[in-house]
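Chain and residue survey
Chain by chain, the residues:
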Amino acid sequence: MERLDKIISHAFSLSRTDAKKAIKSGEVCVGGEVVKDSSLKADYSSVTLGGKRAEHEEHIYIMLNKPAGVVSASESRSEKTVIDLVPEHLRRKGLFPAGRLDKDTVGFVLITDDGAFAHDILSPRKHIEKTYLVRTDKPMPLSLEEQFKNGVTLYDGSECMPADLKICKDKPDEAVVKIKEGKYHQIKRMFRVNSLSVEYLKRTAMGKLELDKSLKEGECRKLSKEEINKIKE
Ligand code: URA
């Protein structure tokens, strides 16, 4: 049993204030009866808003367009985290970023409270491709595409899995890179062994799910079941 305003807020992605307003206005029923008391406790299955049943979802999956300067962590004493950017109506206990982007990297971060799902999509054995736009300090030689395909060896001797690099024809300092693992600073290190420095890095997709272009940096939204499945495709 949960408070009615919490049920309405979670099930219909409304802020707590808007949920309370909807309840006050008589749009919410419990067991078919209009209830105007936000503090009443109920089960999800008995609650409707405007005739639509409140569905209880066990977990939440959020797409964030991460801005630069924010850390991919759940908590930090001194720095702003990706969790700080999640609006109140999408907040749940136990939210964390499934995979990290560096502080200066921007783009798609998946935030969830589903540990098993995160473990699954982050496992290099699952081969889930992450797509990035990258800009380097100098033009990339075309031979780099072949090198990435064969697997780059980093300065510490560790080998990267084959990666897909497509250098822009008219802008050779820009490229799209797809990698299937997530070693620490991996893309920056893959370019570093080639004496190139990454000046801009943006994650644009996880699996087949692309970053929603309508999300401005710092904005996020809940993902649908179909979208979540696209990550694993
Ligand atoms: N590779 C990097 O070097 N940094 C990121 O943030 C992501 C991938």
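Residues numbered from 1 in each chain as written. Predicted model: local features only at pLDDT ≥ 70, side-chain atom pairs only at ≥ 80, totals over all residues. Heavy atoms only, no water.

Moving on: the packing of helix α1 (residues 4-11) against helix α2 (residues 16-24). Axis separation between α1 and α2 bottoms out at 8 Å; the angle between their running directions is 115 degrees. Taken together, the axis directions place α1 and α2 in an arrangement best described as roughly perpendicular. α2 is crossed by α1, and the crossing has right-handed handedness. Across the interface between the two elements, L4, D5, K6, I8 and S9 of α1 pack against R16, A19, K20 and I23 of α2. Looking at the contact of α1 with α2 residue by residue, the classes come out as 4 nonpolar, 1 polar and 4 charged. (Axes fitted to C-alpha atoms, helices over the stretch in contact; angles between N-to-C directions. Helix = DSSP H or I, 4+ residues; strand = E, 2+ residues; numbered from the N terminus. Parallel < 35°, antiparallel > 145°, perpendicular 65-115°, else oblique. Left-handed = near helix turned anticlockwise from the far one by under 90°. Contact = heavy atoms within 4.5 Å. Nonpolar A, V, L, I, M, F, W, Y, C, P; charged D, E, K, R; others polar.)

Attention shifts here to the pattern of salt bridges. Counting across every chain of the model gives 20 salt bridges. For the salt bridge of D164 with K166, the shortest nitrogen-to-oxygen distance reads 3.4 Å. For E181, the salt bridge identified is with K183, shortest N-O distance 3.7 Å. Ionic contacts of the salt-bridge type, sharing partners, join the residues R3, D5, R16 and K20 into one network. (Salt bridge = Lys/Arg side-chain N within 4 Å of Asp/Glu carboxyl O.)

Before going further, it helps to spend a moment on the domain arrangement of the chain. Segmentation of the chain into domains returns domain 1 (2-53), domain 2 (61-124 + 210-232) and domain 3 (130-206). Just the C-alpha atoms count here: the centres of domain 1 and domain 3 sit 49 Å apart. (Domains from an automatic or database assignment.)

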